[in-house]
Amino acid sequence: MSNYDKSELEEAVKSISSTLSKCEKALDKLREGTSQHTLTKRRIKSFHISLELIEKELSNISK
């Protein structure tokens, strides 16, 4: 991962978490099988992966 400082990573977590929450709420309103539903599901998975990787990097910084 590129060299980001702890505060940048923490800000990214806040931003991604907020967007993830909005996507999860929007998913409930989308009809299954539509392209919007599929795209939103993929975005949600991507955000979860991103958060996991950032959290892993934050734990390495803390050591």
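For the structure itself, consult the block above.
Residues numbered from 1 in each chain as written. Predicted model: local features only at pLDDT ≥ 70, side-chain atom pairs only at ≥ 80, totals over all residues. Heavy atoms only, no water.

A look at the overall build of the chain
Along its length, the chain carries two helices and zero strands. On the principal axes, the C-alpha backbone points of the chain span a range of 45 × 15 × 15 Å. Of the contacts formed within the chain by residues at least 6 apart in sequence, a portion of 70% connects residues at least 24 apart. Taking the average place of the 12 positive charges on the side chains of the chain and the average place of its 10 negative ones, the gap between the two points comes to 7 Å. (Helix = DSSP H or I, 4+ residues; strand = E, 2+ residues; numbered from the N terminus. Contact = heavy atoms within 4.5 Å. Lys, Arg positive; Asp, Glu negative; His and termini not counted. Charge placed at Lys NZ, Arg CZ, Asp CG, Glu CD.)

Let's talk about the environment of Ser7
By the element assignment, Ser7 lies in helix H1 (residues 6-29). Classification of Ser7 by relative accessible area gives partly exposed; the value is 46%. Between the C-alpha atom of Ser7 and that of Lys25, which follows or precedes it by 18 residues, the distance is 27 Å. (Buried < 20%, exposed > 50% of the residue type's maximum accessible area, 1.4 Å probe, protein only.)

Some thoughts on H1
Taking 1.5 Å of rise per residue, the 24 residues of H1 would be expected to cover 34 Å, and the 35 Å separating its terminal C-alpha atoms lies within 8% of that figure. Those residues of H1 that sit buried are Leu9, Val13, Ile16, Leu20, Cys23 and Leu27. Next to the buried residues of H1 lie helix H2 (35-62). (Expected span 1.5 Å × (residues − 1).)

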